Amino acid sequence: MHVLKFGGSSVGTPERIIAVIDILERYQKRKQSFTVVFSAFSGVTDSLIHMAQAAAKGDALYLELWSKFHERHLQAIDQLVPSGVSRERSIQVFTNMSETLKNLLQGTFLVMEASPRTMDYVLSFGERASCMILAEAMNVRGLIAEYIDAREIIKTDKHFGSARVDFELSYKLIKAVYKSSKKIKVVTGFISSAKGGLTTTLGRGGSDYTASLLGAGLSAQAIEIWTDVDGVLTADPRLVKNAFTIPKLSYIEAMEMSHFGAKVIYPPTIKPAMDLGIPIYIKNTFNPNFAGSLITMEKVKHIHPVTGISSISKVSLLTLQGSGLFGVPGVAARLFESLANKSINIMLITQGSSESSISFAVRPEDAATAKETVDQAFQQDIHAKTVEPVHIEHDLSVVALIGENMRFTPGIAGRMFRSLGKNGINVVAIAQGSSELNISAVINRADEAKALNALHEGLFLSDVKVLNVFMVGCGLIGSTLIKQIQAQADYLYKSKHLEIRIIGLANSRKMIFQPNGLNPNQWKEQLEAEGKPMKLAKFIDQMKNLNLSNSIFIDSTASEEVASKYDKILDASISISTPNKIAASSPYKNYKKLKEIADLRGVQFQYETNVGAGLPVLSTLKNLMISGDRILKIEGVLSGSLSFIFNKFTSKVKFSDLVKEARTKGYTEPDPRDDLSLKDISRKICILAREAGMHVNLEHVVLEKILSDKATNAKSVEDFLKVLEGDEARYTALIKKAEENKCKIRVIAKVEHGKGVTVGLEEVSIDNPFAQLGGSDNMIVFTTERYHERPLVIRGPGAGAEVTAAGVFAEIITIGDYLSGYGY
């Protein structure tokens, strides 16, 4: 005998019911004996609650809700039992049932009260109606079935709302009923009755419990819970996209996961099956050929030490503390006895080794009563000021790691809290049982989804790590970066098990967000068609409100406004990668503040592309200093645009034409004056000096002017280029002089301890390394104690969208590795 249970989502519509009957026919064809437990149609139980509550408030809305209930079930009969005696009988039975419900609600409306006893009776109509209709529909399809009201066979006490089962009597009645005929029994889930006949319920999710009780009473071969997901998953799939099915788990693991919010199975379901060793299968009505999950008495060896991650979304944490608790016997007994007397369930308990505080989690609706109860129990201590009144924290969640193999794996707790910490998730309280089957942490409720995703990836439950990217700036660099990400997507997925999703995107006019990731092939069209007006503050708020794990902000603008918001972004535990030099070269106090916030929040502030585009300049400098080397001098051609211009500059070429060419190729900033004024290169050498340990600001950089005042002060870029043409004689004189000296002109930036920071034009001899540069190449020379006789040289392209975007791309990967715990 197999006991099959189908939930409300499986029987939500006539079409779904037909699919369920298709599944049942397969069992009959295999000559597999079975009985079926059905829930109410999806949404009906909530509707019954609402109509009873409305009636109790004297609100005539209950009649409208009842009418919808009545019509929905009549329509189901019309589609599932189309003609004949069965149809007439079904309509008559349901109409009588529905009228009884209406009269009950009318009575509730008149007395304006819905007691727990009345509520249980009202709720029973959902399962009774669905099972009656389903039994008739099965008969129409040739599955000879009979309707069984579970109130005849499941007996309980009178604890309305969540009744306690009399197992011995219930099992006896189950055996008797199933011996009476060989028809397929269609049993109402969720409902039961007290010994005097009053209707009771087994609690929300009680249909699973009904199936388990039937399985135990019949010593069934298996219990099958058919739902709308592919078994027990490693996390809630509504919150964790990459959650996957656990093929097999133990009863103990399943109980832990169900207690901590796993919706596919109701906690009490497991015990009756566990007592007799009956396997429980969790299967998907909408994917019936999938194996699903098996819950068994055997201890299961999983690939990962953590079997699953679960959560309780709404909890309140209460703390009793004070010096009067230290070393005093019986404190815990007084606390928990007072709560037990008020029937308050405690979800989690934690106590410090100092014994000066005890924290416990309860449902939010119980928090006020719990505080009042405990304060009363410790009234004398509070009056004597040896114990403080109970402190309550609201809007919290509990996340829990579950797995029997955790106790044999060192470092699980460390990995758990590292994953949370690197995503800026604050842990309010921690609890772990001595069995090490469960490690629980209380966190802010707003961080629940973020925490689940961070833990799912951080504990290697996910095959693929997801990085969530938000980018402002879709110009040459931004659009090139998106192309590069798309081009490498397959490689990253296969070789690094990494997926980069572009969640938010903005240009100067519009912004768009897609929590599951924008299509990198259609982002321009999506941004144009669906984008909202761009407001930087709103973009940042939306990015923060999405609260996604492994979030990275990319600033591919040259905007001072965007750079001024980095502190808020880092403080929200979002890493930053940017080619925008403004923040890293801003006043030293601000630069240090950004780095301190990043360290405090456990995120990354990456700006490698500020100095050498795609060249590993800052990382090389960092490694030199970490390894104990001392920087003596840094020299460099640090501007790809200026390198391009002066590498090609001869007396035969107009300087103004070279500037225009560099701008057309995308080597310069949008306004070439940002390069030719040497502001851009001064920012770069300022950053290098800072990374070398010097407290330098931009005003400390000594600049040699390249442009005339008239060119510098031109109203627009077009005006500037015209003025530059008029200044051509000045540049011709410079290059002719250099050629006469058999030299070339280069813009060289220098930083040297004790000699300051300078940027200016220099004549360099033909054999000088800087004279050998071509194209837009940069060159940086590090003279250190270790590299003194032969300085360390880095050379390569220092400008262009491709190399700059590639540098940002590399930083995204670096940040991903850091968030995984592989970086330093």
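Everything below is about the structure shown above.
These numbers come from a predicted model, not from an experiment.

K.L.:
Give a description of helix α28 (residues 717-726) that names residues and reports values.
P.N.:
Within α28, burial applies to V717, F720, L721, V723 and L724. Projected down its long axis, α28 carries its buried residues within an arc of 160°, all on one side. Among the exposed residues of α28, those pointing more than 90 degrees away from its buried face are K722 and G726. The inward-facing, buried residues of α28 abut α24 (655-664), α25 (673-676), α27 (709-712) and α29 (728-740).

K.L.:
Quick one: what's the story with the nonpolar core, residue by residue and with numbers?
P.N.:
Formed by 126 residues in total, the largest nonpolar core has its most connected members in L24, F38 and M138. Top contributing element to this core by residue count: helix α5 (residues 116-140), with 12 residues. Excluding its chain neighbours within four sequence positions, the residues that come into contact with M138 are I21, L24, V36, F38, L143, A145, I184 and V186. If you look at the next biggest cluster of nonpolar residues, it comprises 82 residues, including F539, V603, V659 and V696.

K.L.:
Which residues make up the sheet that holds strand β19 (residues 498-506), and what values do they have?
P.N.:
Taken together, seven strands build an open sheet; the order of strands is β21-β20-β19-β18-β22-β23-β24 and the sheet is mixed. Unpaired on one side and paired on the other, β21 (532-533) and β24 (605-606) mark the two borders of the sheet. Sheet topology note: the strand β20 (residues 510-513)/β21 ladder contains two bridges and is antiparallel. Pairing of K510 across the sheet is with P533, part of β21.

K.L.:
Could you give an account of the packing of aromatic side chains, with specific residues and numbers?
P.N.:
For the coordinates displayed, the defined rule picks out 19 aromatic pairs. Relative to F553, the ring of F539 lies with its centre 6.4 Å away and its plane at 65°, an arrangement referred to as edge-to-face. Separated by 14 residues along the polypeptide, F539 in helix α17 (residues 536-546) and F553 in strand β22 (residues 551-555) bring together distant segments of the chain. Look at F539 and you get buried, because its relative accessible area is 0%. When its relative accessible area of 0% is taken as the criterion, F553 is described as buried. Put simply, the rings of F470, F513, F539 and F553 pair up and form one aromatic cluster. Over the face of the ring belonging to F125 we find R128, whose NZ or CZ atom lies 4.3 Å from the ring centre. Positioned over the ring face of Y591 is R690, at 4.9 Å from the centre of the ring.

K.L.:
Tell me what's going on with helix α22 (residues 617-626), and back it up with residues and numbers.
P.N.:
Quick reminder: α-helices carry 3.6 residues per turn. Residues three or four places apart thus point the same way. The complete set of buried residues in α22 reads V617, L618, T620, L621 and L624. Buried positions in α22, seen along its axis, are confined to an arc of 160° and lie on one side of it. Summarising the contacts, the buried residues of α22 are in contact with α21 (609-612), β25 (631-637), α26 (679-691), β29 (777-784) and β30 (792-797). Positive phi appears at G628, one or two residues downstream of α22, with a value of about 100°.

K.L.:
So what's going on with unusual backbone geometry? Residues and values would help.
P.N.:
For D395, which is not a glycine, the phi torsion comes out positive at approximately 55°. Checked against the element boundaries, D395 lands in strand β15 (residues 391-402). Judged by relative accessible area, which is 56%, D395 ranks as exposed. Of note, the phi angle at N547 is positive, near 50°, even though the residue is not glycine. Exposure remark for N547: the relative accessible area of 15% places this residue in the buried category.

K.L.:
Tell me what's going on with empty space enclosed by the protein, and back it up with residues and numbers.
P.N.:
Taken as a whole, this structure holds one cavity of 30 Å³ or more when the rule is applied. Its boundaries defined by the atoms lining it, the largest cavity holds a volume of some 30 Å³. Here the residues of the lining of the largest cavity are counted per class, giving two nonpolar, four polar and one charged.

K.L.:
Could you give an account of the pairing of strand β8 (residues 222-227), with specific residues and numbers?
P.N.:
Most of β8 sits inside the fold, with six of its six residues counted as buried. Note that strand β1 (residues 2-6) and β8 share five bridges and pair parallel. By the bridge assignment for β8, V3 is matched with I223. Pairing analysis gives five bridges linking β8 to strand β10 (residues 280-284), with the strands arranged parallel. By the bridge assignment for β10, I223 is matched with I280.

K.L.:
If you had to explain the environment of A662 to someone new, which residues and values would you point to?
P.N.:
With respect to the helices and strands, A662 occurs in helix α24. The spacing of A662 and P116 is 546 residues in sequence and 79 Å in space, taken between C-alpha atoms.

K.L.:
Can you break down the pattern of salt bridges residue by residue, with the values?
P.N.:
Taken as a whole and judged by the stated rule, the model has 37 salt bridges. A salt bridge links E763 to K737, with the shortest nitrogen-to-oxygen separation between them at 3.3 Å. In this pair, E763 sits in strand β28 (residues 756-765) while K737 sits in helix α29, placing the two residues 26 residues apart along the sequence. A relative accessible area of 46% places K737 in the partly exposed class. Note that D777 and R795 form a salt bridge whose closest N and O atoms lie 3.5 Å from each other.

Rules used in this analysis
- Residues numbered from 1 in each chain as written.
- Predicted model: local features only at pLDDT ≥ 70, side-chain atom pairs only at ≥ 80, totals over all residues.
- Heavy atoms only, no water.
- Buried < 20%, exposed > 50% of the residue type's maximum accessible area, 1.4 Å probe, protein only.
- Helix = DSSP H or I, 4+ residues; strand = E, 2+ residues; numbered from the N terminus.
- Arc of directions from axis to C-beta.
- Contact = heavy atoms within 4.5 Å.
- Core = buried A, V, L, I, M, F, W, Y, C linked by side-chain atoms within 4.5 Å.
- Pairing = 2+ DSSP bridges.
- Phe/Tyr/Trp six-rings, centres within 6.5 Å; stacked < 30°, edge-to-face > 60°.
- Lys NZ or Arg CZ within 6 Å of the ring centre and 35° of its normal.
- 1 Å grid on protein atoms, 1.4 Å probe; cavity = no way out; pocket = protein on both sides within 12 Å on 5 of 7 lines; lining within 4 Å.
- Points joined across faces, edges and corners; volume = space filled by probe spheres on them.
- Nonpolar A, V, L, I, M, F, W, Y, C, P; charged D, E, K, R; others polar.
- Salt bridge = Lys/Arg side-chain N within 4 Å of Asp/Glu carboxyl O.

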